[in-house]
Amino acid sequence: MNSKKIANFAFVNTIVCILYTLFGISNFAQTEVSRFPEGPTVNFDGISVFDYYYGYFVYWWNLAVAWFKDNSWQVQLSFALIFLCIVTMIILSVLFYRNIREVNRFEKNVQWVNDNLREHFYNILISIEQPTMEEVEKECNMTVEKMREIPPKVMATAISSLRMELSELTVLPNTQLLCDITGVTQYLETNLIAKRDVMETLQNLVNLHLRVSEGLLAIYINHYNSNLRQMARMSYMICTETEPYRYLEEDLQEKQALWRPMMLHRLFGWLRDTERQMPQFLVLANVMQDESTASFLIEEIAYWGSEEEKSQLKQFFVSKMFKCRESALKAVALLGDESQEQAIVESYTHQPEYLRRSCLRAIHAINSGRNTEFFVDAYYRTSSKETKECALTCLYSYGEDGRSRFEQMHVDMISDQQGLNLLNQIDSMALLQQMRMF
């Protein structure tokens with residue numbers, strides 16, 4: 001019998017052994033294999049069967065190794081790389097499959113919570129009074145023990161998503177209670193201790209305005225990662241009342257990510273509505289070296305600043321940083337502060353053309369009725385078509401005097417066809433806008 005027939009015989013026996021094993025024939029090891037008339041019956045026990053078929057494996061392994069060694073090193077290297085790639089792809093496929101299953105399971109759990117508890121959580125969060133634990137259980141139709149059987153990460157995601165939808169409310173006083181009952185707070189604290197999903201954990205803490213022990217934030221406040229460090233310091237402002245703004249100036253001097261001004265704006269609103277001491281926006285704006293950060297702080301004065309800070313916005317009308325000028329004009333327009341209107345008029349001639357339009361819009365927003373002729377002069381004294389359009393648009397809706405002066409300009413510019421066309425254009429656009437409002 002040649003080697004090829006031996007190999008085929010071994011392969012067939014190996015397949016038969018595997019099939020017997022898969023079909024669960026447990027007594028195969030004791031099955032009578034052969035019976036000779038002149039000799040005893042031969043029975044194999046389990047260990048003998050294992051050794052017998054293990055020999056087939058060794059045979060095939062030695063055959064493969066011998067074939068592998070017979071090739072040149074280039075072929076050996078190629079096959080080794082192919083084998084490594086196959087193993088790697090198998091491992092990655094398994095990991096990918098497991099990850100998909102985990103994600104699907106997580107999304108399914110989140111969907112279940114949204115379907116069964118979202119409305120109840122909403123009622124608890126917007127409640128004016130703080131409910132007791134029994135009232136929470138009655139509202140949710142579920143005991144606290146049952147709620148804590150739900151993975152806390154699922155609960156954290158659902159509550160955080162609901163909080164984002166209620167972002168127009170700066171304070172939800174029952175958030176801390178709900179997170180404590182559902183185990184979310186403990187879950188987030190455990191993540192900080194274990195250094196697991198730290199960035200996501202800090203984002204949830206800031207988004208939900210949850211208070212945790214200051215010691216849990218200690219190792220992250222001076223972290224080398226700037227985003228993580230700034231997020232930890234925002235959480236620190238929530239958790240402490242001793243010196244909450246210790247790191248604020250240092251953070252604001254750094255380059256700001258796009259998400260940071262938005263989160264700071266929400267955080268400042270929460271601090272004000274919880275009657276915390278607010279930062280000194282005016283002082284911070286004056287020491288900022290980056291004009292984008294300084295302009296952000298100036299606009300925050302209109303929302304959260306003190307009355308004294310609001311009255312001092314006019315000092316930025318002629319600031320060296322043009323973004324600060326624009327933000328100051330927007331802030332005064334938002335406040336409608338008539339006491340600073342004259343300062344806008346006086347700074348008008350010192351502004352570049354695009355900021356002159358901001359001045360016109362700010363005076364129009366204040367709407368004191370005292371600067372009708374200012375819009376007319378602004379129209380005649382500029383060479384910019386955009387500024388002319390802005391001046392006439394503001395004049396058109398600047399009270400009865402403004403509308404009357406706008407109509408008078410039709411008579412004054414009877415020989416100026418270009419000016420008349422512009423007046424008619426502004427008039428038509430205003431009428432069209434009025435029609436859309438009905």
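Scroll up a little and you will see the structure.
Description of the structure in this document. (Residues numbered from 1 in each chain as written. Predicted model: local features only at pLDDT ≥ 70, side-chain atom pairs only at ≥ 80, totals over all residues. Heavy atoms only, no water.)

## Some remarks on the overall build of the protein chain
Thinking step 1. Secondary structure summary: the protein chain contains 24 helices and two strands in total.
Thinking step 2. Looking at the protein chain as a whole, 39% of its 438 residues qualify as buried.
Thinking step 3. Sequence-distant contacts in the protein chain: of pairs separated by 6 or more residues, those separated by 24 or more amount to 63%.
Thinking step 4. Just so you have it, the protein chain exposes about 26,400 Å², and 57% of that area is on carbon and sulfur atoms. (Helix = DSSP H or I, 4+ residues; strand = E, 2+ residues; numbered from the N terminus. Buried < 20%, exposed > 50% of the residue type's maximum accessible area, 1.4 Å probe, protein only. Contact = heavy atoms within 4.5 Å. Areas by Shrake-Rupley, 256 points an atom, 1.4 Å probe, with all protein chains shown as cover.)

## A look at the nonpolar core
Thinking step 1. Residues Phe121, Met147, Leu202, Phe268, Ile344 and Leu360 are the most contacted members of the largest nonpolar core, which totals 105 residues.
Thinking step 2. Among the elements that make up this core, the one with the highest residue count is helix 12 (residues 226-239) (eight residues).
Thinking step 3. In this structure, Phe121 is in contact with Val113, Cys140, Met147, Met155, Ile159, Leu162, Leu178 and Thr182, ignoring residues within four places of it in sequence. (Core = buried A, V, L, I, M, F, W, Y, C linked by side-chain atoms within 4.5 Å.)

## A word on the side chain of Arg229
Thinking step 1. Within the secondary structure layout, Arg229 lies in helix 12.
Thinking step 2. A polar contact is formed between the side chain of Arg229 and the backbone oxygen of His223, at a distance of 2.7 Å.
Thinking step 3. In contact with Arg229, not counting residues within four places along its chain, are Tyr220, Ile221, Asn222, His223, Tyr224 and Glu254. (Polar contact = N/O pair within 3.5 Å; in protein donor to acceptor, adjacent residues only side chain to side chain.)

## Remarks on helix 23 (residues 399-412)
Thinking step 1. The terminal C-alpha atoms of helix 23 lie 20 Å apart, and with 14 residues this matches the ideal 20 Å at 1.5 Å per residue to within 8%.
Thinking step 2. What helix 23 keeps buried is the set Gly402, Arg405, Phe406, Met409 and His410. In an axial view of helix 23, the angular spread of the buried residues amounts to 160°, which keeps them on one side of the axis. For helix 23, exposure combined with an orientation more than 90 degrees from the buried face picks out Glu400, Asp401 and Val411. (Expected span 1.5 Å × (residues − 1). Arc of directions from axis to C-beta.)

## Observations regarding the environment of Pro244
Thinking step 1. Following the sequence through the fold, Pro244 ends up in the loop between helix 12 and helix 13 (248-253).
Thinking step 2. In this structure Pro244 touches Tyr236 and Met237, once residues within four positions along its chain are discounted.

## Description of the packing of helix 3 (residues 73-116) against helix 7 (residues 152-165)
Thinking step 1. Following both chains from N to C, one finds helix 3 and helix 7 inclined at 55°, their axes separated by 9 Å at the closest point. If you check the angle between helix 3 and helix 7, you find them oblique. The element helix 3 and its partner helix 7 pack so that their crossing is right-handed. Taking contact as the criterion, the partners of Phe106, Asn109, Val110, Val113 and Asn114 in helix 3 are, on helix 7, Lys153, Val154, Met155, Thr157 and Ala158.
Thinking step 2. Broken down by class, the residue content of the contact of helix 3 with helix 7 amounts to six nonpolar, three polar and one charged. (Axes fitted to C-alpha atoms, helices over the stretch in contact; angles between N-to-C directions. Parallel < 35°, antiparallel > 145°, perpendicular 65-115°, else oblique. Left-handed = near helix turned anticlockwise from the far one by under 90°. Nonpolar A, V, L, I, M, F, W, Y, C, P; charged D, E, K, R; others polar.)

Everything listed is a geometric property; what it means functionally is a separate question.
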